[in-house]
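Secondary and tertiary structure notes
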Amino acid sequence: MEVVNVPPIVSTYRQALHTFDDKHKNDLPTNLNNLKRMMDLLKAEDLGFDKTLQNPETWKKPNKAPCTYIEVFQNSQINMSIFVLQPGFKMPLHDHPHMHGLLKVISGAVNIRAFTEFPLKEAVKVIDFQTRAKHEAARLAQGIHKKRRLFAEITNDRVCKENSETCMLTPTISNYHEIEALDMPAAFFDILSPPYDTLIEAIGPRRCRYYHVANTISSNLVELQETEVPKCFYCDQSPYLGPTLG
């Protein structure tokens, strides 16, 4: 019997589909841990990462965007992608509405600062969520958009490198984060589920919202204010060069 070696990114892709399949939602914690362990081992070469994006000279070219986006795979369940940041560039503070996420640095180093809403809002009863969702849908239908302001606890503030563990976020924990490249170009691979723009029942598409720290309350507690999309944040795109998925 012939033994076929499955590329690590293909195994990770298969595990991600399994993890976020509604049929396995009761086993989500176990499957998430399995997915994290697989991502911990991923290397840039497993994703066919273009090494020219590691070269600081690439980022000095005229009109080069400060961030390059590489789509690895996307369907209605998961989005797999690579972001590459120019030296010193900070991906602005943003949220992940009702989403799980895993982030693995594959090149260079980044500082990740993550926040959790404070006090923590645990999952509410289904009937409460439905009532809130209907109210939110009606408000949005009328064209009303009130910018959010919330207290948040700093739950992660550390440098992550190629040999660092995968960082995780959930719908309630570390759901807001900003990512800053250090003195060299940096790249990270991430998986989000569900993807942005997929529907939240009775509310509408998941939209990425941006924030700034409006007030510092203490060493680990701040007040966040929703803001417009920062003009400094825009991306160009490069093709995915790794093993075929899907």
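Above this text is the structure in question.
Okay, so let's go over this structure. Residue numbers here run from 1 along each chain, matching the order of that chain's written sequence. A pLDDT threshold of at least 70 governs which residues receive local features in this predicted model, and a stricter bar of 80 or more applies before side-chain atom pairs are shown or counted, although totals over entire chains, interfaces and linings include all residues. Each side-chain value is worked out from all heavy atoms of the structure, with water and hydrogens disregarded.

1. Thoughts on the sheet that holds strand S14 (residues 235–237)
Which entries qualify depends on this criterion: Any two strands between which DSSP finds at least two bridges are classified as paired. In this description a helix means any DSSP run of H or I spanning at least four residues, a strand means any run of E spanning at least two, and both kinds are numbered starting from the N terminus. Between N-to-C directions, angles cover 0 to 180 degrees, with each direction set by a line fitted to C-alpha atoms, over the stretch in contact for helices. The criterion used for residue contact is that any of the two residues' heavy atoms lie within 4.5 Å.
A sheet is described by the order of its strands in space; here six strands give the open sequence S7-S4-S9-S2-S1-S14, paired in mixed fashion. Edge strands, defined here as strands with exactly one partner in the open sheet, are strand S7 (167–169) and S14. In this sheet, neighbouring strand axes are inclined to one another by 25 degrees on average, regardless of whether the strands run parallel or antiparallel. Helix-sheet contacts for helix H1 (residues 8–19) involve strand S1 (67–74), strand S2 (79–85) and strand S9 (186–193), and the interaxial angle to S9 is about 30 degrees. This element, helix H2 (residues 28–40), spans strand S4 (100–107), S7 and S9 of the sheet and lies at about 10 degrees to S4.

2. Describing H1
Applicable threshold: Each helix should span, by expectation, one fewer than its residue count multiplied by 1.5 Å. Exposure categories follow from relative accessible area, calculated using a 1.4 Å probe and restricted to protein chains: below 20% of the type maximum is buried, above 50% is exposed, and the middle band is partly exposed.
The first and last C-alpha atoms of H1 sit 16 Å apart over 12 residues, in line with the 16 Å expected at 1.5 Å per residue. Among the residues of H1, Ile9, Val10, Thr12, Tyr13, Gln15, Ala16 and Thr19 are the ones counted as buried. Next to the buried residues of H1 lie H2, S1, S2 and S9.

3. Some points on the pairing of strand S3 (residues 90–95)
Across the six residues of S3, five count as buried, placing the element largely inside the fold. Both S3 and strand S8 (residues 176–181) contribute to a ladder of four bridges, which runs antiparallel. When the sheet's bridge partners are listed, Met91 is paired in S8 with Ile179.

4. Quick notes on the pairing of strand S13 (residues 221–227)
Residues in a regular strand project their side chains so that they alternate between the two faces of the sheet. Most of S13 is tucked away: six of the seven residues are buried. As paired elements, strand S6 (residues 149–161) and S13 share five bridges and run antiparallel to each other. By the bridge assignment for S13, Arg149 is matched with Gln225. Direction of pairing for strand S12 (residues 210–218) relative to S13: antiparallel, over a ladder of seven bridges.

5. Structural notes on the layout of surface pockets
Selection rule: Site definitions follow a grid-based scheme: protein atoms alone, a 1 Å grid, a 1.4 Å probe that fits but cannot get out for cavities, and for pockets an open set with protein on both sides within 12 Å along at least five of seven lines, plus lining residues having an atom within 4 Å of a point. Grid points are joined across faces, edges and corners, and a volume is the space filled by probe spheres set on the points.
Roughly 520 Å³ of internal volume is contained in the second largest pocket. Those elements giving two or more residues to the lining of the second largest pocket turn out to be S1, S2, S3, S4, S8, S9 and S14.

6. Overview of the pattern of salt bridges
Basically, it comes down to this: Note on definitions: salt bridges are taken to be side-chain nitrogens of Lys or Arg within 4 Å of carboxyl oxygens of Asp or Glu.
Under the definition given, this model contains 11 salt bridges. When the shortest N-O distance is used, the salt bridge between Asp40 and Lys36 registers 3.0 Å. With Asp40 and Lys36 both in helix H2 and four residues apart, this pair spans about one turn of that helix. Here Lys36 falls in the buried class, since its relative accessible area comes to 14%. For the salt bridge of Arg207 with Asp197, the shortest nitrogen-to-oxygen distance reads 2.6 Å. Remark: Asp197 occurs in the loop between S9 and strand S10 (199–200) and Arg207 occurs in the loop between strand S11 (204–205) and S12; sequence separation between them is 10 residues. A residue is classified by how much of its surface remains accessible, and Asp197, at 49% relative accessible area, is partly exposed.

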